[in-house]
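Working through the structure, step by step
Chain residues, written in single-letter form:
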Amino acid sequence: MKSVAATDAKNRLGAILDEAQREPIVIRRQDREIAVVLSIADYERLRSGNIQAFLDLRKQVAAEAAANGLSDERLSELLTSDDA
């Protein structure tokens, strides 16, 4: 992954945006990585991947809960119980 100094990124913003269409660009300030510029396509792919990972986890947890006998009624009882 290509890396540029923040001042270079500021001075070459148009070129950095063009380069980000091909690969993510790391922006550094004082030898620390502070940001990444990436294409909207890469951003959308990452974003949808996180959503799908969450949905998959939710489905897995629901299946395990059901397999262990947790019903909607029992969940409601647990959530409204004073002992919770």
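Residues numbered from 1 in each chain as written. Predicted model: local features only at pLDDT ≥ 70, side-chain atom pairs only at ≥ 80, totals over all residues. Heavy atoms only, no water.

Focus on the pattern of salt bridges
- One pass over the structure, following the stated rule, counts five salt bridges.
- The salt bridge partner of Glu19 is Arg12, with a shortest N-O separation of 3.6 Å. (Salt bridge = Lys/Arg side-chain N within 4 Å of Asp/Glu carboxyl O.)

With respect to the sheet that holds strand β1 (residues 2-5)
- Across the sheet, three strands lie side by side as β1-β2-β3; this open sheet has mixed pairing. Looking along the sheet, the strands with just one partner apiece sit at the ends: β1 and β3 (32-37). Each adjacent strand pair in this sheet contributes to an overall mean axis angle of 35°, direction not counted.
- Relative to strand β2 (residues 25-29), β1 runs parallel, the two sharing four bridges. For Ala5, the partnering residue across the bridge sits in β2 and is Arg28. (Pairing = 2+ DSSP bridges. Helix = DSSP H or I, 4+ residues; strand = E, 2+ residues; numbered from the N terminus. Axes fitted to C-alpha atoms, helices over the stretch in contact; angles between N-to-C directions.)

Here we look at the environment of Ile34
- Looking at the secondary structure, you find Ile34 in strand β3.
- For the pair Ile34 and Ala6, spaced 28 residues apart in sequence, the C-alpha separation works out to 8.7 Å.
- Beyond its immediate chain neighbours, meaning those up to four positions away, Ile34 contacts Ile27, Arg28 and Arg29. (Contact = heavy atoms within 4.5 Å.)

With respect to the nonpolar core
- Grouped together as the largest cluster of nonpolar side chains are six residues: Val4, Ala9, Ile16, Ala20, Ile25 and Ile27.
- Put simply, the parts of the chain that give this core at least two residues each are α2 (13-20) and β2.
- Here Ala9 is in contact with Val4, Ile16 and Ile27, once residues within four sequence places are set aside. (Core = buried A, V, L, I, M, F, W, Y, C linked by side-chain atoms within 4.5 Å. Buried < 20%, exposed > 50% of the residue type's maximum accessible area, 1.4 Å probe, protein only.)

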